[in-house]
Every structure is written in C-alpha cells, then in structure tokens.
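Tertiary structure, described
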Amino acid sequence: MPRAADLVFPRRERVEDRRRDAGQRKLLDEFFDHGTLLAVSRLANQGLFDVVDHPISSGKEGGVFRASKGTEFRAVKIYRISNTVFRHLPPYALDELRREASARNYGGLVFAWTRREHTILGRLTDAGVRVPRPIGHYRNVLVMEYIGTAEGAAPRLKDVPVDDPATLYEQLVGEFGRMIRQARLVHGDLSPYNTLYHDGHVVVIDVAQSVRAEHPEARRLLERDLQNFSRFLGRLGYDVEPAEFLRAVGGETVGPPHEGA
Ligand SMILES: Nc1ncnc2c1ncn2[C@@H]1O[C@H](COP(=O)(O)OP(=O)(O)O)[C@@H](O)[C@H]1O
Ligand SMILES: [Mg+2]
C-alpha cells in the first residue's frame, strides 16, 4: 500500500519546472495536513481514485484538485478545517448546519458541510441538473466527476467568450428550472464564477449553500442569483426582464408555504 503522502502530486511532469514544484509544495503543506492525508488515502483505498495529480484551484475555503483513476479523471475538493467556510455564511445557514452536524468544533462542521455538498450534488444529479456527479466523501474531502478534458479543467463561464447569449439563456433557464421544479432547491451563490462551461453547455458547481425552495430566505436568494445572470447576459447584449426570468424558472413557487394553504 502506498504511503499517504505519496498519493498527492506524485509525478513531476517536468523536472525543470521548479517554480510549479515549489507552488505545489506550498499547497501540500496548506491543504494536506495529517488528517486530510489519511482521508485522501482512505478514499484512494476504497478505489475512488489512484492519485491526486495537481491543483485546479485554491481558495480561502478550500482547494479543488484533479485526480486520476486509471485513464479517467476525478475532481477532489478539500475544505480547510477552519472557520473560513462559515465566516461568509448568513446566520440562517449556519444554524441549519449546526442542527445537522450536532458538532461543537469547526472540524465537525466542516465534515457536515462536505457531506452536505455531496448530498445536494446527488439530489441535483437525480433531478437531471447538469452538476458534477458526486462520487464519495470522507471527512473534509469530496470526490466528484471531473468537468474538463485531459488538457485542463473546464473554464468558468465568466472566462468564456459567449457568441450566442440566447442559447446560453435557454440553458440557464433549463438548469435553474430543474433545480427549482424537480430538486426543489435554490442555489444561493449562482454566478458566472460558479458555473463552468464544458462541451458547449453550462455546468453548475459549488452547491453546498443551497437551501430548500420553501426556506424563508429562498425567494430572496433566487432573485439575487437571477440578478447576477441578468447582469452578465445584459453585458453580452441580451436583456432579460427579471420577472420573465423568474417565471421561466418556476420562481413563483419559491418561498415559504402560505399560512393555511
Ligand atoms: N468538478 C469539477 N471539475 C473541474 N473543475 C472544478 C470542479 N469543481 C470545481 N472546479 C474548479 O475549482 C474552482 C473552485 O470550485 P468551487 O466549488 O467553486 O469552490 P470554492 O468557490 O468554494 O473555492 C472552480 O471555479 C473550478 O475552476
Ligand atoms: Mg466557487
């Protein structure tokens, strides 16, 4: 059995690329503490992937890495065990998570958050929404479908030249509509940053903060999500009426059930 540390960044693709090596060394120290390495090796032993190849993205709350399994790829998202995930959460979301986690420390909350992202990805996949299919999770490590090619991970929508905004709008309405009508979830952090573009189609990511469509905050969050995209579409020269966008995705069914209804 390979040592846990050998599962991460094992291949030096180009020996001369020392700068990248140094960068990866830093990420190795930042993300792969002892507990995380053990979680990674447990998931590898379960056969979810062979090795973690290289970083795709690293942020304050966590990092996303490409992993390989044979000739296939996986995406591995690792949350930092710290309070940074929760610093930006509105109080309603944190309360909900605390109830779910029954945890008093950040570790427990981060594990619950990771599990939550996995569960929501599953629910969205079942509803036919184009998201990365969840593959497994353990502690602060989430394994999911890799969106991209051997050449690289799919770009974010905000970095893609869009020549047909009408088709993009149709795709967005399709995905957000299934999210609301079939999965009964509102994403809550939708933007061209949390949307990838792959094979001519949008793929929604970063779903952990999603709330049920009946949640008291759901309507406000949905309107904000749609506004982010209206602005984006507007900059592409495609103007959408907010009321029309809301109606198209089934937004009138979002919000707390009426008293006595
Ligand atoms: N399944 C995936 N396949 C390929 N790249 C991904 C995948 N999930 C995330 N990424 C990349 O990692 C970045 C960060 O992921 P995200 O889930 O948005 O985490 P956060 O915003 O919390 O750091 C994305 O912008 C994208 O570039
Ligand atoms: Mg994100």
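Rules used in this analysis
- Residues numbered from 1 in each chain as written.
- Chains lettered and ligands numbered in written order.
- Predicted model: local features only at pLDDT ≥ 70, side-chain atom pairs only at ≥ 80, totals over all residues.
- Helix = DSSP H or I, 4+ residues; strand = E, 2+ residues; numbered from the N terminus.
- Rg over C-alpha atoms; globule rule 2.2 N^0.38 Å.
- Buried ≥ 20, exposed ≤ 12 C-beta atoms within 10 Å, placed from the backbone.
- Contact = placed C-beta atoms within 7 Å.
- Near = placed C-beta within 6 Å.
- Nonpolar A, V, L, I, M, F, W, Y, C, P; charged D, E, K, R; others polar.
- Domains from an automatic or database assignment.
- Pairing = 2+ DSSP bridges.

1. Looking at the overall build of the protein
- A count of helices and strands for the protein gives eight helices and eleven strands.
- At 19 Å, the protein has a C-alpha radius of gyration in line with the 18 Å of a compact globule built from 261 residues.
- On the principal axes, the C-alpha backbone points of the protein span a range of 60 × 45 × 30 Å.
- The buried share among the 261 residues of the protein stands at 36%.
- Taking as baseline every contact in the protein between residues at least 6 positions apart, the subset at least 24 positions apart corresponds to 63%.

2. Thoughts on the site of ligand 1
- By nearness alone, 20 residues border ligand 1, and S57, G59, V64, A75 and D206 come closest of all.
- Elements that contribute at least two residues to the shell around ligand 1 include exactly β1 (51-58), β2 (62-69), β3 (72-79) and β5 (141-145).
- Its residues assigned to classes, the shell around ligand 1 shows ten nonpolar, five polar and five charged.
- Counting contributing residues per domain, the shell around ligand 1 is built from domain 1 (20-149) and domain 2 (154-253), each supplying no fewer than three.

3. What about the environment of P242?
- Residue position: P242 is located in helix α8 (residues 242-248).
- Beyond its immediate sequence surroundings of up to four residues, P242 is in contact with L226, Q227 and S230.

4. Overview of the domain arrangement of the protein
- Per the domain assignment, the segments of the protein are domain 1 (20-149) and domain 2 (154-253).
- Each of domain 1 and domain 2 has a C-alpha centre, and the two are 23 Å apart.
- At the junction of the two partners, domain 1 supplies 18 residues and domain 2 supplies 19 residues.
- Elements represented by at least two residues in the side of domain 1 that touches domain 2 include exactly α4 (91-101) and α5 (106-126).
- The element that contributes the greatest number of residues to the side of domain 1 that touches domain 2 is α5, accounting for seven residues.
- Residue classes in the side of domain 1 that touches domain 2 are distributed as twelve nonpolar, two polar and four charged.

5. Thoughts on the pairing of β2
- Summarising the sheet, β1 and β2 pair through six bridges and their orientation is antiparallel. Residue pairing across strands places S57 opposite V64, the latter belonging to β2.

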